[in-house]
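Here is how the chains run, residue by residue.
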Amino acid sequence: MLEVKGLRTYYFTLKGVVKAVDNVTFSLGKGEVLGVAGESGSGKSTLAWSLMGYVPPPGRIAGGQILLDGEDVAKMSEDELRRKVRWKKVSMIFQGAMNALTPVFTIEDQMAEPFIIHMNMTKREARERIVELLKEVGLDESFLRRYPHELSGGQKQRIVIAMALLLNPELVIADEPTTALDVVVQAQIMNLFKKIKKEYNISMIFITHDLSIIAEIADKVAVMYAGKVVELGTSEQIFLNPQHPYTQGLLKSIPKLRSKEKISWIPGTPPNLVTPPPGCRFHPRCPYVMDVCKRDEPPMVEVEPGHFVACHLISRR
Ligand SMILES: Nc1ncnc2c1ncn2[C@@H]1O[C@H](COP(=O)(O)OP(=O)(O)OP(=O)(O)O)[C@@H](O)[C@H]1O
Ligand SMILES: [Mg+2]
(Lines give C-alpha, C1' and ligand atoms only; values in the text may rest on other atoms or scores of the structure.)
(Ligands and ions follow the chains in the order given, each with its own letter.)
Protein backbone atom coordinates (compact mmCIF):
# COMPACT_ATOMS: atom_id res chain seq x y z
CA MET A 1 0.00 0.00 0.00
CA LEU A 2 2.94 2.33 0.66
CA GLU A 3 6.10 2.58 -1.39
CA VAL A 4 8.72 5.19 -0.52
CA LYS A 5 11.45 5.62 -3.11
CA GLY A 6 14.57 7.75 -2.76
CA LEU A 7 12.82 10.21 -0.43
CA ARG A 8 14.76 13.36 0.44
CA THR A 9 13.39 15.86 2.95
CA TYR A 10 15.63 18.80 3.71
CA TYR A 11 15.44 21.88 5.95
CA PHE A 12 16.69 24.94 4.10
CA THR A 13 18.11 26.96 6.99
CA LEU A 14 20.32 30.03 7.10
CA LYS A 15 23.18 27.83 8.28
CA GLY A 16 22.80 25.51 5.32
CA VAL A 17 20.73 22.60 4.09
CA VAL A 18 19.92 20.04 6.79
CA LYS A 19 19.61 16.68 5.04
CA ALA A 20 17.27 15.19 7.62
CA VAL A 21 15.93 12.42 5.36
CA ASP A 22 18.34 11.57 2.59
CA ASN A 23 17.50 8.95 -0.03
CA VAL A 24 15.22 6.72 2.01
CA THR A 25 13.53 3.72 0.36
CA PHE A 26 11.15 1.13 1.86
CA SER A 27 7.73 -0.38 1.34
CA LEU A 28 4.87 -1.41 3.57
CA GLY A 29 2.01 -3.85 2.89
CA LYS A 30 -1.55 -3.76 4.19
CA GLY A 31 -1.73 -4.70 7.86
CA GLU A 32 2.04 -4.61 8.25
CA VAL A 33 3.85 -2.77 11.04
CA LEU A 34 7.16 -1.09 10.30
CA GLY A 35 9.31 -0.06 13.24
CA VAL A 36 11.64 2.87 12.68
CA ALA A 37 14.53 3.10 15.14
CA GLY A 38 17.43 5.48 15.52
CA GLU A 39 19.00 7.98 17.88
CA SER A 40 17.69 11.47 18.50
CA GLY A 41 18.10 13.65 15.41
CA SER A 42 18.33 10.75 12.92
CA GLY A 43 15.32 12.01 10.95
CA LYS A 44 12.54 9.77 12.24
CA SER A 45 9.97 12.51 12.82
CA THR A 46 10.92 14.24 9.57
CA LEU A 47 10.25 10.98 7.73
CA ALA A 48 6.86 10.69 9.44
CA TRP A 49 5.87 14.28 8.61
CA SER A 50 6.86 13.73 5.00
CA LEU A 51 4.44 10.80 4.72
CA MET A 52 1.62 13.08 5.91
CA GLY A 53 2.64 15.68 3.33
CA TYR A 54 3.33 18.03 6.20
CA VAL A 55 6.90 19.17 6.76
CA PRO A 56 7.32 22.23 8.97
CA PRO A 57 9.15 25.13 7.32
CA PRO A 58 11.92 25.67 6.40
CA GLY A 59 11.64 21.99 5.52
CA ARG A 60 10.28 20.48 2.36
CA ILE A 61 10.37 17.32 0.31
CA ALA A 62 13.26 17.84 -2.08
CA GLY A 63 13.04 14.61 -4.06
CA GLY A 64 11.77 11.06 -4.35
CA GLN A 65 8.35 9.49 -4.30
CA ILE A 66 5.80 8.51 -1.65
CA LEU A 67 3.38 6.20 -3.42
CA LEU A 68 0.23 5.62 -1.40
CA ASP A 69 -2.03 3.13 -3.20
CA GLY A 70 -0.14 4.16 -6.34
CA GLU A 71 -0.60 7.93 -5.93
CA ASP A 72 2.39 10.16 -5.17
CA VAL A 73 1.83 12.09 -1.94
CA ALA A 74 5.05 14.04 -2.54
CA LYS A 75 3.50 15.68 -5.61
CA MET A 76 0.07 16.48 -4.21
CA SER A 77 -1.16 20.00 -3.58
CA GLU A 78 -2.08 21.12 -0.08
CA ASP A 79 -5.73 20.93 -1.05
CA GLU A 80 -5.46 17.36 -2.37
CA LEU A 81 -3.56 16.28 0.72
CA ARG A 82 -6.28 17.66 2.91
CA ARG A 83 -9.11 16.14 0.89
CA LYS A 84 -7.64 12.72 0.22
CA VAL A 85 -4.76 11.84 2.49
CA ARG A 86 -4.44 13.42 5.90
CA TRP A 87 -6.41 11.66 8.66
CA LYS A 88 -8.47 9.78 6.06
CA LYS A 89 -5.76 7.58 4.60
CA VAL A 90 -2.80 8.41 6.80
CA SER A 91 -3.10 9.59 10.37
CA MET A 92 -0.42 10.39 12.85
CA ILE A 93 0.09 10.35 16.57
CA PHE A 94 2.54 13.23 16.84
CA GLN A 95 5.50 13.07 19.19
CA GLY A 96 4.28 14.60 22.47
CA ALA A 97 0.68 14.89 21.20
CA MET A 98 -0.79 13.81 24.52
CA ASN A 99 0.58 17.01 26.02
CA ALA A 100 -0.83 19.12 23.22
CA LEU A 101 -4.52 18.42 23.77
CA THR A 102 -6.37 21.73 23.91
CA PRO A 103 -6.82 22.48 27.63
CA VAL A 104 -10.08 24.43 27.33
CA PHE A 105 -11.98 21.78 25.32
CA THR A 106 -13.65 18.69 26.72
CA ILE A 107 -12.60 15.36 25.23
CA GLU A 108 -15.90 15.24 23.35
CA ASP A 109 -15.34 18.63 21.77
CA GLN A 110 -11.77 17.89 20.69
CA MET A 111 -12.75 14.57 19.21
CA ALA A 112 -15.95 15.71 17.51
CA GLU A 113 -14.33 18.42 15.41
CA PRO A 114 -13.05 16.21 12.56
CA PHE A 115 -16.40 14.42 12.28
CA ILE A 116 -18.31 17.64 12.07
CA ILE A 117 -15.85 19.21 9.62
CA HIS A 118 -14.90 16.25 7.39
CA MET A 119 -17.90 13.97 7.60
CA ASN A 120 -20.72 16.50 8.00
CA MET A 121 -21.96 14.63 11.03
CA THR A 122 -24.30 16.11 13.58
CA LYS A 123 -23.06 16.47 17.14
CA ARG A 124 -25.18 13.53 18.17
CA GLU A 125 -23.90 11.20 15.45
CA ALA A 126 -20.35 12.25 16.28
CA ARG A 127 -20.93 11.46 19.95
CA GLU A 128 -22.06 7.92 19.18
CA ARG A 129 -18.96 7.23 17.13
CA ILE A 130 -16.72 8.80 19.79
CA VAL A 131 -18.19 6.62 22.52
CA GLU A 132 -17.45 3.59 20.33
CA LEU A 133 -13.87 4.73 19.83
CA LEU A 134 -13.37 5.46 23.52
CA LYS A 135 -14.50 1.90 24.30
CA GLU A 136 -12.07 0.65 21.70
CA VAL A 137 -9.18 2.27 23.58
CA GLY A 138 -10.42 1.15 27.00
CA LEU A 139 -12.18 4.32 28.25
CA ASP A 140 -15.84 4.73 29.16
CA GLU A 141 -18.44 7.37 28.32
CA SER A 142 -17.65 9.47 31.41
CA PHE A 143 -14.51 10.70 29.62
CA LEU A 144 -16.61 12.68 27.13
CA ARG A 145 -17.10 15.50 29.59
CA ARG A 146 -13.61 15.56 31.06
CA TYR A 147 -10.89 18.08 30.32
CA PRO A 148 -7.30 17.02 29.47
CA HIS A 149 -5.96 18.09 32.89
CA GLU A 150 -8.33 15.61 34.54
CA LEU A 151 -6.64 12.68 32.77
CA SER A 152 -3.57 10.62 33.58
CA GLY A 153 -0.74 10.32 31.05
CA GLY A 154 -1.91 6.89 29.93
CA GLN A 155 -5.51 8.09 29.53
CA LYS A 156 -4.38 11.09 27.49
CA GLN A 157 -2.35 8.81 25.26
CA ARG A 158 -5.44 6.60 24.75
CA ILE A 159 -7.42 9.68 23.67
CA VAL A 160 -4.71 10.63 21.18
CA ILE A 161 -4.69 7.09 19.78
CA ALA A 162 -8.49 7.13 19.46
CA MET A 163 -8.22 10.44 17.58
CA ALA A 164 -5.82 8.87 15.09
CA LEU A 165 -8.43 6.18 14.37
CA LEU A 166 -11.36 8.61 13.95
CA LEU A 167 -11.62 8.59 10.17
CA ASN A 168 -10.65 4.93 9.63
CA PRO A 169 -7.21 5.50 8.10
CA GLU A 170 -5.28 2.79 6.23
CA LEU A 171 -2.01 3.81 7.82
CA VAL A 172 -1.33 5.11 11.34
CA ILE A 173 2.04 6.62 12.13
CA ALA A 174 2.92 6.67 15.84
CA ASP A 175 5.87 8.88 16.73
CA GLU A 176 7.36 7.88 20.11
CA PRO A 177 3.90 7.06 21.51
CA THR A 178 5.14 5.57 24.77
CA THR A 179 8.24 7.61 25.53
CA ALA A 180 6.74 9.85 28.23
CA LEU A 181 4.99 7.02 30.09
CA ASP A 182 6.13 4.83 32.96
CA VAL A 183 6.85 1.17 32.13
CA VAL A 184 3.55 -0.24 33.36
CA VAL A 185 1.49 2.22 31.34
CA GLN A 186 3.89 1.74 28.42
CA ALA A 187 3.05 -1.98 28.43
CA GLN A 188 -0.70 -1.24 28.52
CA ILE A 189 -0.41 1.15 25.58
CA MET A 190 1.63 -1.42 23.64
CA ASN A 191 -1.12 -3.99 24.25
CA LEU A 192 -3.63 -1.49 22.93
CA PHE A 193 -1.60 -1.02 19.74
CA LYS A 194 -1.38 -4.80 19.32
CA LYS A 195 -5.15 -5.07 19.69
CA ILE A 196 -5.69 -2.32 17.12
CA LYS A 197 -3.29 -4.01 14.72
CA LYS A 198 -5.20 -7.28 15.01
CA GLU A 199 -8.74 -5.89 14.89
CA TYR A 200 -8.40 -3.27 12.19
CA ASN A 201 -5.77 -4.87 9.94
CA ILE A 202 -4.33 -1.37 9.75
CA SER A 203 -0.79 -0.64 8.56
CA MET A 204 1.38 1.12 11.13
CA ILE A 205 4.68 2.90 11.30
CA PHE A 206 6.00 2.81 14.80
CA ILE A 207 8.76 5.27 15.59
CA THR A 208 10.96 4.99 18.65
CA HIS A 209 14.54 5.26 19.82
CA ASP A 210 13.90 2.12 21.88
CA LEU A 211 14.41 -1.10 19.89
CA SER A 212 12.95 -3.28 22.64
CA ILE A 213 9.55 -1.65 22.05
CA ILE A 214 9.73 -2.28 18.33
CA ALA A 215 10.45 -5.98 18.97
CA GLU A 216 7.00 -6.35 20.47
CA ILE A 217 4.97 -5.15 17.55
CA ALA A 218 6.88 -4.69 14.29
CA ASP A 219 6.90 -7.08 11.33
CA LYS A 220 9.67 -5.08 9.68
CA VAL A 221 12.33 -2.76 11.05
CA ALA A 222 14.18 0.18 9.49
CA VAL A 223 17.23 1.46 11.36
CA MET A 224 17.99 5.12 10.65
CA TYR A 225 21.29 6.86 11.18
CA ALA A 226 21.88 10.52 10.34
CA GLY A 227 19.07 10.78 7.79
CA LYS A 228 19.65 7.43 6.13
CA VAL A 229 18.23 3.96 6.50
CA VAL A 230 21.31 1.85 7.19
CA GLU A 231 19.55 -1.48 7.67
CA LEU A 232 16.10 -2.78 6.76
CA GLY A 233 14.61 -6.22 7.26
CA THR A 234 12.03 -8.35 9.01
CA SER A 235 12.07 -8.18 12.82
CA GLU A 236 13.66 -11.66 12.94
CA GLN A 237 16.42 -10.56 10.57
CA ILE A 238 17.18 -7.37 12.47
CA PHE A 239 17.01 -8.81 15.98
CA LEU A 240 18.59 -12.21 15.36
CA ASN A 241 21.00 -11.38 12.58
CA PRO A 242 21.88 -7.66 12.65
CA GLN A 243 24.56 -6.85 10.08
CA HIS A 244 25.23 -3.12 10.36
CA PRO A 245 27.65 -2.12 13.16
CA TYR A 246 25.20 0.63 14.15
CA THR A 247 22.30 -1.83 14.51
CA GLN A 248 24.55 -4.15 16.49
CA GLY A 249 25.46 -1.25 18.77
CA LEU A 250 21.81 -0.27 19.28
CA LEU A 251 20.91 -3.84 20.20
CA LYS A 252 23.77 -4.10 22.68
CA SER A 253 22.46 -1.01 24.44
CA ILE A 254 19.23 -2.81 25.46
CA PRO A 255 19.72 -3.98 29.05
CA LYS A 256 19.16 -7.69 29.68
CA LEU A 257 17.79 -9.06 32.94
CA ARG A 258 20.38 -10.89 35.05
CA SER A 259 23.07 -10.55 32.43
CA LYS A 260 26.64 -10.08 33.59
CA GLU A 261 27.47 -8.36 30.33
CA LYS A 262 28.06 -4.64 30.74
CA ILE A 263 25.64 -2.47 28.81
CA SER A 264 27.57 -0.81 26.05
CA TRP A 265 26.72 2.28 24.14
CA ILE A 266 28.10 3.48 20.86
CA PRO A 267 30.67 6.16 21.75
CA GLY A 268 30.41 9.56 20.08
CA THR A 269 27.39 11.52 18.93
CA PRO A 270 25.41 11.65 15.68
CA PRO A 271 26.81 14.10 13.12
CA ASN A 272 25.58 17.50 12.13
CA LEU A 273 23.33 17.02 9.10
CA VAL A 274 24.38 20.21 7.31
CA THR A 275 27.86 18.83 6.70
CA PRO A 276 27.58 15.09 7.36
CA PRO A 277 30.79 13.04 7.22
CA PRO A 278 31.75 11.97 3.69
CA GLY A 279 31.45 8.31 2.71
CA CYS A 280 29.51 6.35 5.31
CA ARG A 281 27.94 8.79 7.78
CA PHE A 282 28.58 6.34 10.62
CA HIS A 283 32.31 6.00 9.95
CA PRO A 284 33.59 8.37 12.70
CA ARG A 285 31.89 6.15 15.32
CA CYS A 286 32.32 2.75 13.69
CA PRO A 287 34.60 0.23 15.43
CA TYR A 288 35.34 -1.45 12.07
CA VAL A 289 36.06 1.67 10.01
CA MET A 290 38.18 1.16 6.85
CA ASP A 291 39.64 3.68 4.41
CA VAL A 292 36.86 3.18 1.90
CA CYS A 293 34.26 4.12 4.53
CA LYS A 294 35.71 7.64 4.77
CA ARG A 295 35.53 8.07 1.01
CA ASP A 296 32.62 6.22 -0.60
CA GLU A 297 29.01 5.96 0.41
CA PRO A 298 28.18 2.27 0.95
CA PRO A 299 25.46 0.90 -1.38
CA MET A 300 22.38 -0.91 -0.02
CA VAL A 301 23.01 -4.62 -0.47
CA GLU A 302 20.40 -7.37 -0.08
CA VAL A 303 22.14 -9.90 2.17
CA GLU A 304 19.20 -12.32 2.31
CA PRO A 305 15.69 -11.97 0.84
CA GLY A 306 14.18 -8.75 2.20
CA HIS A 307 17.20 -7.89 4.37
CA PHE A 308 19.13 -4.81 3.22
CA VAL A 309 22.32 -3.37 4.67
CA ALA A 310 24.37 -0.31 3.67
CA CYS A 311 27.87 -1.09 4.92
CA HIS A 312 31.22 -1.60 3.19
CA LEU A 313 31.92 -4.64 5.39
CA ILE A 314 29.04 -6.31 3.55
CA SER A 315 29.52 -4.98 0.05
CA ARG A 316 33.20 -6.03 0.16
CA ARG A 317 32.46 -9.53 1.37
N1 LIG B 1 12.38 22.98 11.73
C2 LIG B 1 13.63 22.55 11.58
N3 LIG B 1 14.58 23.37 11.07
C4 LIG B 1 15.84 22.95 10.88
N5 LIG B 1 16.29 21.71 11.19
C6 LIG B 1 15.40 20.85 11.70
C7 LIG B 1 14.02 21.21 11.93
N8 LIG B 1 13.39 20.16 12.46
C9 LIG B 1 14.30 19.16 12.56
N10 LIG B 1 15.52 19.58 12.10
C11 LIG B 1 16.76 18.77 12.03
O12 LIG B 1 16.52 17.61 11.26
C13 LIG B 1 17.17 16.47 11.82
C14 LIG B 1 16.17 15.36 12.08
O15 LIG B 1 15.26 15.79 13.06
P16 LIG B 1 14.01 14.86 13.51
O17 LIG B 1 13.20 15.65 14.44
O18 LIG B 1 13.37 14.31 12.30
O19 LIG B 1 14.79 13.68 14.29
P20 LIG B 1 14.21 12.52 15.20
O21 LIG B 1 14.92 11.26 14.76
O22 LIG B 1 12.74 12.51 15.17
O23 LIG B 1 14.74 12.91 16.66
P24 LIG B 1 14.07 12.62 18.11
O25 LIG B 1 14.36 11.17 18.42
O26 LIG B 1 14.82 13.55 19.02
O27 LIG B 1 12.62 12.92 18.03
C28 LIG B 1 17.90 16.97 13.07
O29 LIG B 1 19.24 17.21 12.71
C30 LIG B 1 17.18 18.26 13.40
O31 LIG B 1 18.06 19.17 14.02
MG1 LIG C 1 11.28 12.82 16.60
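Provided above is the structure to which this section pertains.
Residues numbered from 1 in each chain as written. Chains lettered and ligands numbered in written order. Predicted model: local features only at pLDDT ≥ 70, side-chain atom pairs only at ≥ 80, totals over all residues. Heavy atoms only, no water.

### Focus on the site of ligand 1
Near ligand 1 there are 16 residues, and of these Ser40, Gly41, Lys44, Ser45 and Thr46 occur at the shortest range. At 2.5 Å, a side-chain N or O of serine 40 approaches an oxygen atom of ligand 1. Residue glutamine 95 places a side-chain N or O atom 2.9 Å away from an oxygen atom belonging to ligand 1. Summarising the interface, the protein chains cover 70% of the accessible area of ligand 1, which totals 640 Å² for the free molecule. (Near = heavy atom within 4 Å. Polar contact = N/O pair within 3.5 Å; in protein donor to acceptor, adjacent residues only side chain to side chain. Areas by Shrake-Rupley, 256 points an atom, 1.4 Å probe, with all protein chains shown as cover.)

### Examining helix α6 (residues 183-200)
The terminal C-alpha atoms of α6, which comprises 18 residues, lie 25 Å apart, in line with the 26 Å expected from a rise of 1.5 Å per residue. Listing the buried residues of α6 in full gives Val185, Gln186, Ile189, Met190, Leu192, Phe193 and Ile196. Taken around the axis of α6, the buried residues stretch over an arc of 155 degrees, which confines them to a single face. Turned more than 90 degrees away from the buried face of α6 sit Val183, Val184 and Lys198, all of them exposed. Here the buried face of α6 lies against β6 (90-93), α4 (123-136), α5 (153-165), β7 (171-175), β8 (203-208) and α7 (211-217). Taking the backbone nitrogen of valine 184 as reference, a side-chain oxygen 3.0 Å away marks aspartate 182 as the first, capping residue of α6. Just downstream of α6, asparagine 201 is the residue with a positive phi angle, here 50 degrees. (Helix = DSSP H or I, 4+ residues; strand = E, 2+ residues; numbered from the N terminus. Expected span 1.5 Å × (residues − 1). Buried < 20%, exposed > 50% of the residue type's maximum accessible area, 1.4 Å probe, protein only. Arc of directions from axis to C-beta. Contact = heavy atoms within 4.5 Å.)

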